[in-house]
Amino acid sequence: GENVEQHPSTLSVQEGDSAVIKCTYSDSASNYFPWYKQELGKRPQLIIDIRSNVGEKKDQRIAVTLNKTAKHFSLHITETQPEDSAVYFCAASRNDYKLSFGAGTTVTVRA
Amino acid sequence: GAVVSQHPSWVICKSGTSVKIECRSLDFQATTMFWYRQFPKQSLMLMATSNEGSKATYEQGVEKDKFLINHASLTLSTLTVTSAHPEDSSFYICSASLAGAEITDTQYFGPGTRLTVL
């Protein structure tokens, strides 16, 4: 099955700086790569996603890049704010729509 | 749009009892619903895939007789944890994907149910 690895496990950044989280996947048939933000005790919330026919996608301060050849994708958050502090999960799925999640990255934005 | 609810939000039960968790898509019909389990400070692990009108598909290592899933309609799936034990204590989260949409891989998550087995 699909194996998704996520790094780093924790990330502390100064407010205003950028944060980058990287994920790799093992199944070349994976074609959908969402990123979720989860606050303590809450549901995961989709913040951005990318499909295999696209190399990069941006939504305001958030961007995702995908390198299909290397089988890795990254989340970039610019101009970080305290409210960006949360656990971020990457995931990957194939046409069966089953999501395999990374282990998560705890992001702390220092004011 | 695309709101998913779960009930109850939390439940405490005695060891050996069964607990039913409901997952509903409130403003859309869901072709498929998924059930995940999340232990503290860990990632989400897919337990099973639930399709309306058919049997659920369980992931390797998940006991289908212990975690009963019923998907009776396009807006409701239920997960019953039978004969619960303390090791079943976890955060159970469902998700749903849209039926009939051009893109159906986007999953919308419910708020989760915190199960504590004493």
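Residues numbered from 1 in each chain as written. Chains lettered and ligands numbered in written order. Predicted model: local features only at pLDDT ≥ 70, side-chain atom pairs only at ≥ 80, totals over all residues. Heavy atoms only, no water.

A.B. asks: Would you explain the sheet that holds strand S6 (residues 56-59) of chain A in this entry?
C.D. replies: In any sheet, the strands associate via hydrogen bonds between backbone groups, in a parallel or an antiparallel arrangement. Residues and elements named next belong to chain A. Taken in spatial order, the five strands line up as S1-S3-S8-S7-S6 in an open sheet, and their pairing is antiparallel. Among the strands making up the open sheet, the edge pair consists of strand S1 (4-7) and S6. Put simply, the sheet's adjacent strands are angled 15° from each other on average, direction ignored. Bridge count between strand S7 (residues 62-67) and strand S8 (residues 72-77): six bridges; the pairing is antiparallel. Among the inter-strand pairings, Asn 67 is bridged to a residue of S8, identified as His 72. (Pairing = 2+ DSSP bridges. Helix = DSSP H or I, 4+ residues; strand = E, 2+ residues; numbered from the N terminus. Axes fitted to C-alpha atoms, helices over the stretch in contact; angles between N-to-C directions.)

A.B. asks: Help me out: how do you make sense of the state of the cysteines in this one?
C.D. replies: A covalent bond between the sulfur atoms of two cysteines is what we call a disulfide. All names here are of chain B. For the coordinates displayed, the defined rule picks out two disulfides over all chains. Disulfide pairing places Cys 23 opposite Cys 94 at an S-S distance of 2.0 Å. Note on the Cys 23 and Cys 94 pair: the S-S dihedral is about 80°, so by sign convention the disulfide is right-handed. Here the residue Cys 23 occupies a position in strand S3 (residues 19-25), and Cys 94 occupies one in strand S9 (residues 90-98), the gap between them amounting to 71 residues. Taken individually, Cys 23 and Cys 94 each receive the classification buried, so the pair is uniform in this respect. (Disulfide = S-S within 2.5 Å. Buried < 20%, exposed > 50% of the residue type's maximum accessible area, 1.4 Å probe, protein only.)

A.B. asks: When you look at the interface of chain B and chain A in this model, what are you seeing that I'm missing?
C.D. replies: Reports often express the size of an interface as the amount of accessible area lost when the parts come together. The interface of chain B with chain A comprises 21 residues on the first partner and 17 residues on the second. Interface of chain B and chain A: buried area, both sides summed, is about 1600 Å²; carbon and sulfur atoms make up 54% of it. Looking only at chain B, the three residues that lose the most surface to chain A are Ser43(B), Asp105(B) and Phe109(B), adding up to 32% of its buried area. Across the chain B-chain A interface, the total number found is one salt bridge. Across the pair Lys98(A) and Glu59(B) runs a salt bridge whose closest N-O atoms are separated by 2.9 Å. (Contact = heavy atoms within 4.5 Å. Buried area = accessible area lost by both parts, 1.4 Å probe. Salt bridge = Lys/Arg side-chain N within 4 Å of Asp/Glu carboxyl O.)

The values are spatial; any link to function lies outside them.
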